[in-house]
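Now for the letters of each chain:
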Amino acid sequence: MRRLITTSVQTLMLGVLTCALSATATAADEYEYDLVHSSVSFKARHLDISWIHGRFNDVSGKFSLDREHPSKSTFELTIKADSIDTANKARDEHLRQPDYFDTKQFPTITFKSTKTKAIEGGYEVTGDFTMHGKTQEITLVLMGGKEHDFKGTKRVAFSTELALKRSDYGFDKRAIGPIGDKALIMIDCEGVKK
């Protein structure tokens, strides 16, 4: 009888432990990039006297947030390079050519996180950024992260700004001059919970 009770208690404890581990394993919330309410835009200097503004119209991504263990959170973003839009068709076509983005050879620009740390007001995210066939490790400061329930759908948003040098990514150095080497990139990302 005692052995039966002991076995029952062990079985119950094992069940509780399994449930706890399952809850921990699914602690991260998954979100998909909402193209309608997000944007990836940029600006670059022209002749060092003005700014050219543009955006990428075809962007996708996803992120997972583990509120209890922020270091397990992950972020991914994929940009179709040929979706570049500077409100000038001739310039956009030129930017798709080999001396700039070379979109036929390098169709996507990507970011994939490798390390995440919670900071006040958001997350510090380090990862691999690949553009024009070159990969560099960069760190983004993503501000935001509050969840909002809108019409029964849970949403979370982040924003960040960063500066990149085109010369670090193998762009034709002869094309760096009229349009400066450094570009400022602004990312506003709203995610929809899966």
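Conventions adopted
- Residues numbered from 1 in each chain as written.
- Predicted model: local features only at pLDDT ≥ 70, side-chain atom pairs only at ≥ 80, totals over all residues.
- Heavy atoms only, no water.
- Pairing = 2+ DSSP bridges.
- Helix = DSSP H or I, 4+ residues; strand = E, 2+ residues; numbered from the N terminus.
- Phe/Tyr/Trp six-rings, centres within 6.5 Å; stacked < 30°, edge-to-face > 60°.
- Buried < 20%, exposed > 50% of the residue type's maximum accessible area, 1.4 Å probe, protein only.
- Lys NZ or Arg CZ within 6 Å of the ring centre and 35° of its normal.
- Contact = heavy atoms within 4.5 Å.
- 1 Å grid on protein atoms, 1.4 Å probe; cavity = no way out; pocket = protein on both sides within 12 Å on 5 of 7 lines; lining within 4 Å.
- Points joined across faces, edges and corners; volume = space filled by probe spheres on them.
- Nonpolar A, V, L, I, M, F, W, Y, C, P; charged D, E, K, R; others polar.
- pLDDT = per-residue confidence, 0-100.
- Polar contact = N/O pair within 3.5 Å; in protein donor to acceptor, adjacent residues only side chain to side chain.
- Core = buried A, V, L, I, M, F, W, Y, C linked by side-chain atoms within 4.5 Å.
- Salt bridge = Lys/Arg side-chain N within 4 Å of Asp/Glu carboxyl O.

Section: the pairing of strand E7 (residues 108–119)
Okay, so step 1: Inspection of the sheet shows strand E5 (residues 74–80) paired to E7 by 5 bridges, in the antiparallel sense. Across the sheet, residue Glu76 finds its bridge partner in E7, namely Lys112.
Okay, so step 2: Where E7 and strand E8 (residues 122–131) come together, 9 bridges link them in antiparallel fashion. Its bridge partner being in E8, Lys112 is matched across the sheet by Asp128.
Okay, so step 3: In this structure, the hairpin formed by E7 and E8 is closed by a connection of 2 residues, where Gly121 is found at a positive phi of approximately 85 degrees.

Some words on the packing of aromatic side chains
How two aromatic rings sit relative to each other is set out by the distance from centre to centre and by the angle between their planes.
Okay, so step 1: The final tally for this structure, using the stated rule, is 10 aromatic pairs.
Okay, so step 2: Measuring from centroid to centroid gives 5.6 Å for Phe129 and Tyr169, while their planes differ by 85 degrees, and the two rings are edge-to-face. Highlighted residues: Phe129 in strand E8 and Tyr169 in the loop between strand E10 (153–165) and strand E11 (179–193), separated in sequence by 40 residues. Neither Phe129 nor Tyr169 differs from the other in exposure class; each is buried.
Okay, so step 3: Between Lys43 and the ring centre of Trp51, over which it is positioned, the NZ or CZ distance is 4.6 Å.
Okay, so step 4: Between Arg45 and the ring centre of Trp51, over which it is positioned, the NZ or CZ distance is 4.8 Å.

Some words on the side chain of Asp34
Okay, so step 1: Here Asp34 shows up in the loop between strand E1 (29–33) and strand E2 (39–46).
Okay, so step 2: Setting aside residues up to four positions removed in sequence, Asp34 forms contacts with Arg155, Glu190 and Val192.

Things to note about empty space enclosed by the protein
Okay, so step 1: Throughout the structure, instances matching the rule amount to 1 cavity of 30 Å³ or more.
Okay, so step 2: By volume, the largest cavity is sized at about 580 Å³.
Okay, so step 3: Along its surface, the largest cavity is lined by 39 residues, and Val40, Phe56, Ile79, Phe129 and Ile185 are the ones closest to its centre.
Okay, so step 4: When residues of the lining of the largest cavity are assigned to their parent elements, the largest contribution, 6 residues, is made by E10.
Okay, so step 5: Of the residues belonging to the lining of the largest cavity, the class tally is 30 nonpolar, 4 polar and 5 charged.

Some thoughts on the pairing of E1
Okay, so step 1: Bridge count between E1 and strand E4 (residues 59–65): 4 bridges; the pairing is antiparallel. When the bridges of E4 are listed, Tyr31 appears paired with Phe63.
Okay, so step 2: Relative to E11, E1 runs antiparallel, the two sharing 3 bridges. Paired with Glu32 across the strands is Val192, a residue of E11.

Observations concerning the confidence of the model for the protein
Low-confidence regions, as indicated by low pLDDT, have predicted coordinates that should not be scrutinised in detail.
Okay, so step 1: Here the protein averages 87 in pLDDT, while 85% of its residues score no lower than 70.
Okay, so step 2: Within the model, pLDDT remains below 50 along residues 4–25, and this stretch shows 0 contacts once partners closer than five positions in the same chain are excluded.

Notes on the side chain of Asp66
Okay, so step 1: Looking at the secondary structure, you find Asp66 in the loop between E4 and E5.
Okay, so step 2: There is a polar contact of 2.9 Å between the side chain of Asp66 and the backbone nitrogen of His69.
Okay, so step 3: The residues touching Asp66, leaving out its near neighbours within four places in the chain, are Ala27, Ala28, Lys72 and Ser73.

Points about the nonpolar core
Okay, so step 1: By size, the foremost hydrophobic cluster in this structure holds 37 residues, and its most contacted members are Val40, Phe56 and Phe101.
Okay, so step 2: Sequence-distant contacts of Val40, that is, excluding residues within four places in its chain, are made with Tyr33, Arg55, Phe56, Val59, Leu77, Ile79, Ile185, Met186 and Ile187.

Remarks on the pattern of salt bridges
Okay, so step 1: The full count for this structure, using the stated rule, is 7 salt bridges.
Okay, so step 2: The closest approach of N and O atoms between Arg155 and Asp34, which form a salt bridge, is 2.6 Å. Of the two residues, Arg155 is situated in strand E10 and Asp34 in the loop between E1 and E2; the sequence distance between them amounts to 121 residues. Summarising the burial analysis for this pair, Arg155 and Asp34 share the class buried.
Okay, so step 3: One salt-bridge network, held together by shared partners, links Asp34, Arg155 and Glu190.

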